[in-house]
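# Observations on the model geometry
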Amino acid sequence: MMSIRRAMLSGTDEEEEVDQEEEGVDLFGIVEDDDVDFARVHTMMLRECRRLNEGLPIYAYRRKILNHIFANQVMILIGETGSGKSTQLVQYLADSGLAANGSIVCTQPRKIAAITLARRVDEESNGCYAENFVSSCSTFSCSRGFSSKIIFGTDSYLLHHCMNDTGLDGVSYIIVDEAHERSLNTDLLLALIKKKLLDRVDLRLIIMSATADANRLAEYFYGCQTFHVKGRNFPVEIKYIPDVSVDASFNIVPNSLNDACATASYVNDVVRVVSVIHKNEEDGAILAFLTSQLEVEWACENFSDASAVVLPMHGKLSHVEQSRVFNSYPGKRKVIFCTNMAETSLTIKEVKYVVDPGLAKESRFVPSSGLNVLKVNWISQSSANQRAGRAGRTGAGKCYRLYSESHFRMMEVHQEPEIRKVHLGTAVLRILALGVRDAQNFEFVDAPNPEAINMALKNLEQLGAVKCKCNLFELTDTGRYLVKLGIEPRLGKIMLDCFDSGLRKEGVILAAVMANSSSIFCRVGTNEEKHKADLQKVRLCHQDGDLFTLLAVYKKWEDGNGNRNMWCWQNSINAKTMRKCQDTISELENCLKHELNIIIPSYWCWNPEVPSMHDKLLKRIILSSLAGNLAMFLGHEKFGYQVISTDQAVNLHPSCSLLNYGSKPEWVVFTEILSIPNQYLVCVTAVDHDALYALHSMSFIHQLEKHKLQIKVISGLGHNLLRRFCGKYGQNQHRIISHLKEECRDDRITVEINFKNNEVVLFATRQDIEKVFCIVNGALECEAKMLRNECLERRLFPGRPGSSPLALFGSGAEIKHLELGKRYLTVEVLHQNAHDINDKELIFLVGSLIPGVANFHKSAGNFRIASDETKWGKFTFLKPEDAEDAVLKLNGIEFHGSSLKVVPVCSSDNRGLPFPAVRARLSWPCNPSRGRAFGTRLLRLREPGS
Ligand SMILES: Nc1ncnc2c1ncn2[C@@H]1O[C@H](COP(=O)(O)OP(=O)(O)OP(=O)(O)O)[C@@H](O)[C@H]1O
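Predicted model, so just to flag it, every value in this text is computed and none were measured.

Here the focus is the overall build of the protein. Each helix and strand in the protein was counted, giving 32 helices and 36 strands. Sorting the 946 residues of the protein into buried and exposed places 54% on the buried side. Taking all contacts inside the protein whose residues are at least 6 apart in sequence as the whole, residues at least 24 apart take part in 71%.

Following this line, the structure appears as structure tokens:
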């Protein structure tokens with residue numbers, strides 16, 4: 001038997017290494033007196049030959065790795081992408097017999113990776129092990145034991161298992177792969193295993209990655225050793241193209257895509273680069289990274305070439321659809337547009353070219369707001385290297401980075417742990433379920449912000465999932481159910497509440513559409529196509545908001561007896577997302593059946609077409625699940641809604657169903673705040689008042705309503721008065737608004753002028769509205785008075801100044817004063833800071849000293865002409881005596897730090913009257929005993945004397 005082992009070892013790179021010192025662990029745990037299965041030994045030898053041929057870098061380190069893990073409980077294994085960590089190590093452990101007493105569980109961040117790795121290992125070791133030796137497990141099936149020797153599962157799978165079987169019975173090796181992603185599940189798992197290692201000295205942990213922060217992890221595991229596997233199989237050439245649009249080699253593709261995808265130019269750039277690679281580079285598949293499902297679908301639709309097969313790859317596809325990227329398409333180049341779900345673990349055989357725009361969309365929890373915000377962000381160097389690592393797995397490859405090398409160097413080295421980015425509700429629930437009552441002090445690899453943990457606990461308390469006793473938290477029954485469901489607490493709570501109200505089917509569907517809400521409606525393509533999609537959506541919108549709309553859409557899709565895809569196409573609905581919802585629903589149904597013994601019926605209770613008490617019930621349920629995301633309409637479109645938890649004012653997203661009904665419910669709940677970069681409430685549902693009162697006390701609601709803006713309308717105002725109130729370019733209006741804001745210390749106060757309805761609309765809180773009304777009304781009355789008194793000074797005939805009488809016309813062209821002499825009616829006011837002084841104060845000053853002000857006119861101010869700098873403007877008076885008085889009284893008066901200068905102005909206006917004829921009444925003194933004589937004549941205005 002030893003000879004077989006020697007034969008298998010001979011010819012490997014390790015031949016020389018088989019010395020006394022190194023030998024340690026047996027590479028092949030074949031016991032000499034076993035009944036030897038020679039067929040199996042033969043396949044093992046063949047596999048060994050293949051290993052030798054392939055020469056994966058990890059092969060040369062096999063014995064050292066095994067010896068190391070035999071002697072140490074924890075090991076960190078860092079090796080280049082494609083060096084063989086995921087596929088080989090499990091086999092080495094199984095071959096050596098080190099894991100004889102239990103299973104080897106290798107966790108992956110995603111299901112597709114777990115499934116493909118299990119398949120690959122099964123293929124490689126075909127015939128070497130017993131049947132069912134290698135398997136993969138998915139996320140939701142958590143209560144089964146470990147029936148295979150090598151198990152690939154998601155980290156969430158193992159976490160669920162840990163919760164049911166805290167002793168991790170039946171497991172002897174745990175490999176946490178792709179640890180650089182530092183997903184929440186990975187971190188929780190690591191924390192849990194760390195505790196387990198103390199109780200189970202036989203348990204071994206290997207943490208693997210190509211790009212993880214090994215120091216951080218080593219520090220967490222009591223300074224454990226890091227093992228480096230050097231070298232890679234095939235080189236990957238990195239090309240930096242910081243500006244695709246100016247790079248000559250990429251300008252050969254017409255930039256016709258720009259209009260269609262104006263919002264995200266990088267999508268356009270990625271498609272262009274893919275086109276150029278396809279045209280110029282030799283055979284090999286192309287893997288191009290984008291940030292969302294919609295972008296991937298847009299790219300797939302916009303890249304067309306008969307010699308290529310274009311495939312999408314994103315998390316919303318079913319497993320079968322995702323698997324298409326692994327198929328071969330002879331004679332055609334495979335072009336895959338993917339999200340960052342294809343960034344790690346995957347080996348897609350033919351991929352030779354990778355296109356990386358350096359961006360990824362991520363949901364980030366903002367502790368100050370308590371909300372998750374979706375944003376496109378720069379990736380880390382670690383992610384960029386993982387992306388590059390998808391090329392060069394079965395041959396040399398190239399990675400096109402659509403950013404500069406210096407930019408790459410400026411990127412964060414490692415990914416930020418998910419625990420620092422997302423809402424912690426799920427994490428906290430899981431920690432509590434693990435029996436840790438003091439969640440704030442849980443030993444995370446990177447402890448999250450304590451404020452965020454408190455926020456999560458508060459949220460869970462609001463959902464009724466946890467209760468606090470002496471500062472320690474524990475799960476309620478709802479909480480325990482939520483843990484079993486393993487989905488976001490809010491979604492789980494919606495389901496549970498729906499079940500309690502007899503709306504079982506509606507609950508599951510609501511949770512599924514809520515989880516996929518962002519991509520159910522398609523709104524892509526040209527502006528015309530987007531407009532068409534908007535019109536189609538109107539017919540589907542429900543008056544109570546987006547979640548009702550989504551529920552109704554799913555019902556219509558499910559009811560549709562004909563072609564569902566055609567229905568989706570006709571209604572701009574994303575057929576793939578609908579199928580994904582269906583998958584989620586069957587997964588949830590499965591889980592409910594196994595975990596909570598709940599069977600979901602096939603019939604609906606709710607009908608979107610027939611209003612019923614179910615609408616009210618659903619609204620109440622949605623409110624109780626999203627109670628932390630409550631918002632109140634502020635009373636004005638401009639300010640939208642006030643988010644109660646943060647006080648920030650945010651508008652409804654333009655896609656919101658409520659907008660199609662022109663309704664702005666006083667209270668709403670939303671699922672998320674989208675930041676693009678303006679902030680919008682997304683997936684909004686109306687809230688009923690009685691449901692709100694059931695959740696919050698009356699006094700709390702009233703307190704909040706004090707912040708709401710009230711509306712008061714001042715109507716029946718003339719057009720001219722409104723124009724004066726508004727002022728040139730709205731200057732007067734702006735001035736009064738800033739005055740009101742200052743006076744009431746509320747930045748939201750506003751005043752709108754509605755010329756169509758002849759009204760002024762005031763917006764202020766209940767507390768301030770009367771004050772605002774008084775100030776605005778006062779200003780209007782002042783303007784009205786000025787308007788009534790307003791006079792226009794004109795010469796009766798065109799001609800030289802002084803050669804024609806000067807008339808002061810009042811309203812209705814009534815002549816208020818006819819100046820036949822040479823006296824003046826207008827004065828000019830000059831001041832050192834003419835354009836900074838308070839106009840209203842000056843007008844008030846002049847009005848108080850000289851009663852007969854007929855008009856004033858503020859000069860537009862031409863600051864480039866020095867002489868204009870001091871000119872404030874002109875005042876015209878009803879009588880020449882008043883004008884003279886103004887010169888006498890105002891000249892030299894101290895005003896705003898400088899003295900006023902007032903000079904008479906002889907009207908030089910030579911334009912004459914703005915109308916062609918005037919009716920004049922002439923009266924003159926006659927014989928006193930015979931009274932007066934009157935005559936009326938229509939005068940045509942001509943040159944004097946004519
Ligand atoms: N499905 C597959 N088809 C063909 N070759 C594969 C497949 N899976 C793995 N390989 C080969 O095995 C090599 C090692 O893959 P493995 O996944 O073990 O590497 P890894 O070090 O874990 O990489 P990563 O860090 O990127 O996950 C690949 O480079 C590739 O040559």
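Okay, back to it.
Next up on the list: the sheet that holds strand E15 (residues 397-401). On the basis of which strands lie adjacent, the open sheet formed by 6 strands has the order E8-E15-E12-E9-E11-E10 and parallel pairing. Both outer strands of the open sheet, strand E8 (236-240) and strand E10 (308-313), are each paired with one neighbouring strand and no more. Between one strand axis and the next, the sheet turns by 20 degrees as a mean value, whatever way the strands run. Note that E8 and E15 share 5 bridges and pair parallel. Each bridged residue has a counterpart across the sheet, and for Glu237 the counterpart in E15 is Lys398. Running at roughly 170 degrees to E10, helix H11 (residues 293-302) makes contact with E10 and strand E11 (333-338) of the sheet.

Throughout the structure, instances matching the rule amount to 14 aromatic pairs. Geometrically, the ring pair formed by Tyr61 and Phe227 is edge-to-face, given 6.0 Å between the ring centres and 85 degrees between the ring planes. With a gap of 166 residues between them, Tyr61 in the loop between helix H3 (38-54) and helix H4 (62-71) and Phe227 in strand E7 (residues 226-229) connect regions that are remote in the sequence. An aromatic cluster of three or more residues is present, and its members are Tyr240, Trp378, Tyr403 and Phe408.

Glancing now at the side chain of Arg51. You can see Arg51 is positioned in helix H3. Those residues within four positions of Arg51 in sequence are excluded, and the remaining contacts are Leu56, Tyr59, Arg62, Gln88, Gln91, Tyr92 and Asp95.

On to the environment of Lys741. Its place among the elements puts Lys741 in helix H29 (residues 731-744). Counting along the chain gives 23 residues from Lys741 to Ala764, while the straight-line C-alpha distance between them is 9.5 Å. Each residue touching Lys741, except ones within four places of it in the same chain, is listed here: Asp746, Asp747 and Ile749.

Here we take up the site of the ligand. The local shell around the ligand holds 17 residues, among which Lys85, Ser86, Thr87, Arg390 and Arg393 are the closest. In the environment of the ligand, an oxygen atom lies 2.6 Å from a nitrogen or oxygen atom belonging to the side chain of Thr87. At 2.8 Å, a side-chain N or O of Glu178 approaches an oxygen atom of the ligand. Its free accessible area being 630 Å², the ligand has 92% of it covered by the protein chains.

As a packed pair, helix H19 (residues 504-515) and helix H23 (residues 575-596) sit with axes 9 Å apart at the nearest point and diverge in direction by 130 degrees. When the axis of H19 is compared with that of H23, the two are oblique. Here the hand of the crossing between H19 and H23 comes out right-handed. Touching Val508, Ile509, Ala511, Ala512 and Val513 of H19 are Cys581, Thr584, Ile585, Leu588, Glu589 and Leu592, all from H23. Looking at the contact of H19 with H23 residue by residue, the classes come out as 9 nonpolar, 1 polar and 1 charged.

Right, let's get into the packing of helix H18 (residues 489-500) against helix H24 (residues 613-625). Helices that pack against each other are described as a pair by the angle of their axes relative to one another and the distance between those axes. As a packed pair, H18 and H24 sit with axes 9 Å apart at the nearest point and diverge in direction by 145 degrees. Here H18 runs over H24; the crossing is right-handed. Taken together, the residues of H24 that come into contact with H18 (itself represented by Arg490, Lys493, Ile494, Asp497 and Cys498) are Leu618, Ile621, Ile622, Ser624 and Ser625. For the contact of H18 with H24, a count of residues per class yields 5 nonpolar, 2 polar and 3 charged.

Here we take up the pattern of salt bridges. Enumeration over the complete set of coordinates arrives at 42 salt bridges. Lys239 is paired through a salt bridge with Glu237; the nearest N and O atoms lie 3.7 Å apart. Two residues, Glu405 and Arg409, come together in a salt bridge whose shortest N-O distance is 3.8 Å. Of this pair, Glu405 and Arg409 both sit in helix H14 (residues 405-410), 4 residues apart, which is roughly one turn of the helix. A network of salt bridges, in which partner residues are shared, links Arg47, Glu48, Arg51, Arg62 and Asp95.

Our focus in this paragraph is helix H16 (residues 450-462). Relative to the 18 Å expected for 13 residues at 1.5 Å per residue, H16 spans 18 Å between its end C-alpha atoms, a close match to the ideal helical length. Listed as buried for H16 are Ala452, Ile453, Ala456, Leu457, Asn459 and Leu460. Mapping the buried residues of H16 onto a view down its axis gives an arc of 160 degrees, with all of them on the same face. In H16, those exposed residues whose orientation departs by more than 90 degrees from the buried face are Pro450 and Lys458. Gly464 occupies a position one or two residues after H16 and carries a positive phi of about 80 degrees.

Quick look at helix H31 (residues 839-849) now. Regarding H31, the residues found buried are Asp839, Leu842, Ile843, Leu845 and Val846. For H31, the angular spread of buried residues about the axis comes to 160 degrees, placing them on one side.

Before going further, it helps to examine the environment of Lys556. Along the polypeptide, Lys556 turns up in helix H21 (residues 546-559). The exposure class of Lys556 is partly exposed, given its relative accessible area of 32%. Along the backbone, Lys556 and Trp567 are 11 residues apart, and their C-alpha atoms lie at a distance of 9.2 Å. Residues contacting Lys556, with those up to four places away along its chain left out, are Leu540, Trp567 and Glu609.

Our next topic: a nonpolar patch on the surface. Residues Ile815, Leu818 and Leu820 make up a contiguous nonpolar surface patch of about 280 Å² in total accessible area. As for its position among the elements, Leu818 is in strand E28 (residues 815-819).

By the secondary structure assignment, Thr765 is in strand E25 (residues 759-765). Sequence separation of Thr765 and Arg748 is 17 residues, and the distance between their C-alpha atoms is 9.0 Å. In this view, Thr765 contacts Lys706, His707, Lys708, Leu709, Gln710, Asp746 and Arg748; residues no more than four positions away in its chain are not counted.

Backbone hydrogen bonds are what pair the strands of a sheet, in a parallel or an antiparallel way. The sheet built from 3 strands is open, its strands ordered E26-E27-E28 with antiparallel pairing. Single-partner strands in this sheet number two, and they are strand E26 (792-795) and E28. The sheet shows a mean angle of 20 degrees between the axes of neighbouring strands, direction not considered. As paired strands, strand E27 (residues 806-809) and E28 are joined by 4 bridges and run antiparallel to one another. Counterpart to Ala807 in the pairing with E28 is Leu818.

With a phi close to 50 degrees, Cys470 is a non-glycine residue in the positive phi region. Along the chain, Cys470 turns up in the loop between strand E16 (466-469) and strand E17 (472-475). Positive phi, normally seen in glycine, also occurs at Cys683, with a value near 55 degrees. Since its relative accessible area comes to 7%, Cys683 is described here as buried.

The rules behind the values
- Residues numbered from 1 in each chain as written.
- Predicted model: local features only at pLDDT ≥ 70, side-chain atom pairs only at ≥ 80, totals over all residues.
- Heavy atoms only, no water.
- Helix = DSSP H or I, 4+ residues; strand = E, 2+ residues; numbered from the N terminus.
- Buried < 20%, exposed > 50% of the residue type's maximum accessible area, 1.4 Å probe, protein only.
- Contact = heavy atoms within 4.5 Å.
- Pairing = 2+ DSSP bridges.
- Axes fitted to C-alpha atoms, helices over the stretch in contact; angles between N-to-C directions.
- Phe/Tyr/Trp six-rings, centres within 6.5 Å; stacked < 30°, edge-to-face > 60°.
- Near = heavy atom within 4 Å.
- Polar contact = N/O pair within 3.5 Å; in protein donor to acceptor, adjacent residues only side chain to side chain.
- Areas by Shrake-Rupley, 256 points an atom, 1.4 Å probe, with all protein chains shown as cover.
- Parallel < 35°, antiparallel > 145°, perpendicular 65-115°, else oblique.
- Left-handed = near helix turned anticlockwise from the far one by under 90°.
- Nonpolar A, V, L, I, M, F, W, Y, C, P; charged D, E, K, R; others polar.
- Salt bridge = Lys/Arg side-chain N within 4 Å of Asp/Glu carboxyl O.
- Expected span 1.5 Å × (residues − 1).
- Arc of directions from axis to C-beta.
- Patch = residues over 30% accessible without salt bridge, like charges linked within 9 Å, V, L, I, M, F, W, Y side chains within 5 Å.

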